[in-house]
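# Per-entry structural report
Listed below are the residues making up each chain.
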Amino acid sequence: QVQLVESGGGLVQPGGSLRLSCAASGSIFSLYSMGWYRQAPGKQRELVATISNGGRTNFADSVQGRFTISRDNAKNTLYLQMERLKPEDTAVYYCNVDTSIWAPWSWGQGTQVTVSS
């Protein structure tokens, strides 16, 4: 079973930036399209961005133009670069496979992102 460990969250002011990382155990990471997801208090988990194993990316409308997703298959690591952060980006961020294609792996603990002045 693949384990996912997210990191890089924190408290940032509106307009600021953060870079999230997701380390995956095992050797199958490179075979899968991956995604970043987030869950705000009282809301359902939502898809933020996906990246195919070939590097094709897609973004939710709410983050298009502000977030960038990337991956380093040699390091089994997924990244999310977040720019021009807004208070509504506040959530716990998780990584997993693209769940529109595959059943999710076990969810990690996530990393908290708080955007506040």
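Refer to the structure above for everything that follows.
Residues numbered from 1 in each chain as written. Predicted model: local features only at pLDDT ≥ 70, side-chain atom pairs only at ≥ 80, totals over all residues. Heavy atoms only, no water.

### Comments concerning the overall build of the chain
Within the chain, the secondary structure is distributed over zero helices and 10 strands. Helices and strands in the chain line up, N terminus first, as β-β-β-β-β-β-β-β-β-β. A compact globule built from 117 residues would reach a C-alpha radius of gyration of about 13 Å, and the chain, at 13 Å, matches this within 12%. Each principal axis of the C-alpha atoms in the chain carries an extent, and together these give about 40 × 25 × 25 Å. Looking at the chain residue by residue over its 117 residues, the buried ones come to 43%. (Helix = DSSP H or I, 4+ residues; strand = E, 2+ residues; numbered from the N terminus. Rg over C-alpha atoms; globule rule 2.2 N^0.38 Å. Buried < 20%, exposed > 50% of the residue type's maximum accessible area, 1.4 Å probe, protein only.)

### Remarks on the sheet that holds strand β5 (residues 46-51)
In space, the six strands of this open sheet follow the order β2-β10-β9-β4-β5-β6, with mixed pairing throughout. The open sheet has two edge strands with one neighbour each: β2 (10-12) and β6 (57-59). In this sheet, adjacent strand axes meet at a mean angle of 25 degrees when their direction is disregarded. Note that strand β4 (residues 34-39) and β5 share five bridges and pair antiparallel. By the bridge assignment for β5, Tyr 37 is matched with Leu 47. (Pairing = 2+ DSSP bridges. Axes fitted to C-alpha atoms, helices over the stretch in contact; angles between N-to-C directions.)

### Comments concerning unusual backbone geometry
Positive phi outside glycine occurs at Asn 76, with the angle close to 50 degrees. Positive phi, close to 50 degrees, is recorded for Arg 84, a residue that is not glycine. According to the relative accessible area criterion, Arg 84 is partly exposed, its value standing at 48%.

The analysis is restricted to geometry; functional conclusions fall outside its scope.
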